[in-house]
Amino acid sequence: MPSLLDKRLILVTGKGGVGKTTVAAALGLAAARRGKRVVLCEVAEQDRLTGMLDPVPDEGLHHVSVDPERAKEEWLRYQLKSRTLAGVLGGSRLFQYLTAAAPGLTELVTMGKIWDLAQLEPRTAGQRYDLAIVDAPATGHGLAMLQAPSTYASIAPVGPVGRHAERIDSFVRDPAKTGVLTVALPEEMPVNETVEFERALRRELDMAIDAIVVNALHPARFKAEEVRRLEAGGGGSRVARAALAAALSEHRRARAEHAQLRRLRRAASAPVATLPRIFEPELGRAELERLSAELERRL
Amino acid sequence: MIGDWLERKEVCICAGSGGVGKTTTSAAIALGMAARGKKVAVLTIDPAKRLANSLGLPELGNEERLVKADVEGELWAMMLDPKRTFDEIVEWHAPDGRTRDAILANRIYQELSNAVAGSQEYMAMEKLHELHQEGRYDLLVLDTPPTRSALDFIDAPKKLAAFIDSRALQLFATPGLAGLKVLGRGSGMVFSVMRRATGIDLLEDLSTFFASFAGMTEGFRERAERVNALLADSRSAFVLVTSPRADAVEEAGWFHHRLLDAGLPFAGVVANRVRPAAPRGDPSRELAELLGDDSLARKVMRTFEEERRLAARDRENLANLRKRLGRKPMIEIPYLDDDVHDLDGLRRMDEYLFG
């Protein structure tokens, strides 16, 4: 994985509910272990990373929740290079209307903030980071966010907004600086969405996915001959029958999941790594460390 | 059971956070109601291709299609095209051809109708309203779009209406001093700073957009009010879809609260992928005897223990949700061995949804 963790910005994308937050956190731990100063960025208002990483925040692993409203103010101050002017605008009702109306502006300033966090000399962040990892919104909205800089660069080709958008856009599209990691589950719909996202990313932004992580894969525990014996092993007490049924269920799930995994590998251009299903009620620090080590080994 | 929830209902809205099986549940509800003699249409935004295929849907298209399912009633399905719906509304409301063309060609409008968060959600509601008005179906089932937060879509009609109806529209419609006065002192300054901050092109596009839209605000406001009224109507039912995972359950609980606050008709919760409660006890020795193989018996035990642990978690999370739901019902659909993505899969869900 040297190439991925040596970038400055990693965008973790994927369908809702596939484990983006978990994978982003695991990736952050892996980079921090290598001595990097890492900032994990959450984009939506949900503060899920904090819960997962507390109570022992790592040396070198930081967490930021990007608030679009604050990002907008910071962006304004930077654009205008004047606190007074920024104050005039920020306090103006007309400006509030216009920015609320300007399509994709929220996405643009969010990308701007993320871009800034990934700079060696950031403007708004207090601290300098080696790597920013973004827990991006679900696929569709995630793509809209990635597209915002390029859209603005073309809507406002003259003027500072356009120039700024252009800089963000070229950073995001530079494979030496920015990586895209897409998380999926080994199921029909997440696999389809991943394949479609890869195509859309190529088509809209001429970007490639660096790696696909298939999360929560059931282990293929039983050999064909063992399955036959499980199927033959009827009878017994209620609990024994339940145990056999559970084993067979899991086997069928694992088989279906591996078929989906093969389908994904055939359809996607990006390399596909897997993470095992964790059979713990909730993911805690220990499980995250384990996933992080797996991720480092497999990517 | 869900048949009772939807008795005398004309609209069923399935909501929930991402990845809990909303699209699948919506399709299963629609198929089940059609099997019970109703004429049903399920509205969805961009489902997985295979589900679309199995329902007989082409990849795109803003028109309903009859699904070839062997049912007593009729099952229709449509994939919503938010952009197309938005265009249709503009065409409908524009006072003349020139205004219509100016709006449709405006870059700000194109961006807005395509990508702005909230417009997809709003357009889904719009289409729902339109179909309901036409009255061709006994029941409409809406699969709400996958937002990061399940709450987003409930605010969408209000948000978009507020934007389209905002005073900025009127300001741009009456340019010059009259408009600026409404905003108070410093507005001239705002314009000049805006120009510096954004570049002239953007501002001009915005102002053209606002100016051409200004004549249509009345129509939009009315529509938004009617959409809101439909959502709150006793003929509508909100079904919350969740998985037994802690974060999904948490969001479902919160969403339920929000629905009640907003006075929207909440019918109940469908919990997908619930691991069934497993009997207690240690069958290790018995398994070893049954299978005649210690190592295989150990593997089976390990799998069983894992399943039991997750089943216990599912119970606990759902019990917490039940407490928050009060007397409202919950339907549990077990974690099936294969994920559901075709008509056969949908039929397997039927016995749990309607049983």
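Residues numbered from 1 in each chain as written. Chains lettered and ligands numbered in written order. Predicted model: local features only at pLDDT ≥ 70, side-chain atom pairs only at ≥ 80, totals over all residues. Heavy atoms only, no water.

Chemist: Just checking my understanding: could you explain the sheet that holds strand S1 (residues 11-15) of chain B for this structure?
Modeler: Through backbone hydrogen bonds, the strands of a sheet pair up, either in parallel or in antiparallel fashion. Residues and elements named next belong to chain B. The sheet built from eight strands is open, its strands ordered S3-S4-S2-S5-S1-S6-S7-S8 with mixed pairing. The two strands at the open ends of the sheet, each matched to only one other strand, are strand S3 (65-66) and strand S8 (330-334). Relative to strand S6 (residues 236-242), helix H14 (residues 246-261) is tilted by about 160°, and along the sheet it contacts S1, S6 and strand S7 (266-274). On top of the sheet, helix H17 (residues 343-354) reaches S7 and S8; it is set at about 150° to S8, its chief contact. (Pairing = 2+ DSSP bridges. Helix = DSSP H or I, 4+ residues; strand = E, 2+ residues; numbered from the N terminus. Contact = heavy atoms within 4.5 Å. Axes fitted to C-alpha atoms, helices over the stretch in contact; angles between N-to-C directions.)

Chemist: Mind showing me how you'd approach the pairing of strand S5 (residues 178-184) of chain A here?
Modeler: All names here are of chain A. Judged by how many residues are buried, S5 sits mostly within the fold: seven of seven residues are covered. Residues Thr178, Val180, Thr182 and Ala184 of S5 are buried on one face, and the alternating residues Gly179, Leu181 and Val183, pointing to the opposite face, are buried as well. Pairing geometry for strand S1 (residues 9-14) and S5, over six bridges, is parallel. Residue pairing for S5: leucine 11 is matched across the bridge by valine 180. Bridge count for S5 against strand S6 (residues 211-217) is four bridges, and the pairing is parallel. Bridged to valine 183 within S6 is valine 213. (Buried < 20%, exposed > 50% of the residue type's maximum accessible area, 1.4 Å probe, protein only.)

Chemist: Would you mind going over the side chain of His256(B) with me for this structure?
Modeler: Of note, His256(B) is situated in helix H14. Residue class for His256(B) comes out buried when judged on its relative accessible area of 6%.

Chemist: Before we go on, may I ask you to explain the packing of aromatic side chains in this structure?
Modeler: Each pair of aromatic rings is reported with the distance of its centres and the angle of its planes. Under the counting rule described, the total for this entry stands at one aromatic pair over all chains. Note on Trp76(B) and Tyr137(B): the rings are 6.3 Å apart at their centroids and 70° apart in plane angle, and the pair reads as edge-to-face. Within this pair, whereas Trp76(B) is found in strand S4 (residues 74-79), its partner Tyr137(B) is found in the loop between helix H7 (119-134) and strand S5 (139-143), the two being separated by 61 residues in sequence. Assessed through its relative accessible area of 11%, Tyr137(B) is described here as buried. Sitting over the ring of Tyr335(B), Arg253(A) keeps its end group 3.7 Å from the ring centre. (Phe/Tyr/Trp six-rings, centres within 6.5 Å; stacked < 30°, edge-to-face > 60°. Lys NZ or Arg CZ within 6 Å of the ring centre and 35° of its normal.)

Chemist: Teacher, can you tell me more about unusual backbone geometry here?
Modeler: Despite not being glycine, Asp206(A) shows a phi value in the positive range, around 55°. Inspection of the secondary structure assignment puts Asp206(A) in the loop between helix H10 (188-205) and S6. Among the residues examined, Asp206(A) registers a relative accessible area of 57% and is labelled exposed. The phi dihedral of Arg8(B) falls on the positive side, at around 65°, and the residue is not glycine. Looking at the secondary structure, you find Arg8(B) in the loop between helix H1 (2-5) and S1. Owing to a relative accessible area of 70%, Arg8(B) belongs among the exposed residues under this scheme.

Chemist: When you look at the pattern of salt bridges in this model, what are you seeing that I'm missing?
Modeler: Side chains that differ in charge, positive against negative, can pair when their charged atoms come close. All names here are of chain A. Under the definition given, this model contains 40 salt bridges over all chains. A salt bridge links glutamate 289 to arginine 33; its shortest N-O distance comes to 3.7 Å. Of the two residues, glutamate 289 is situated in helix H13 (residues 285-298) and arginine 33 in helix H2 (residues 20-33); the sequence distance between them amounts to 256 residues. Residue classification places glutamate 289 among the partly exposed residues on the basis of a relative accessible area of 30%. By relative accessible area, arginine 33 is classed as partly exposed at 42%. Taken together, the shared-partner salt bridges in this structure form one network comprising Arg33, Arg34, Arg285, Glu289 and Glu296. (Salt bridge = Lys/Arg side-chain N within 4 Å of Asp/Glu carboxyl O.)

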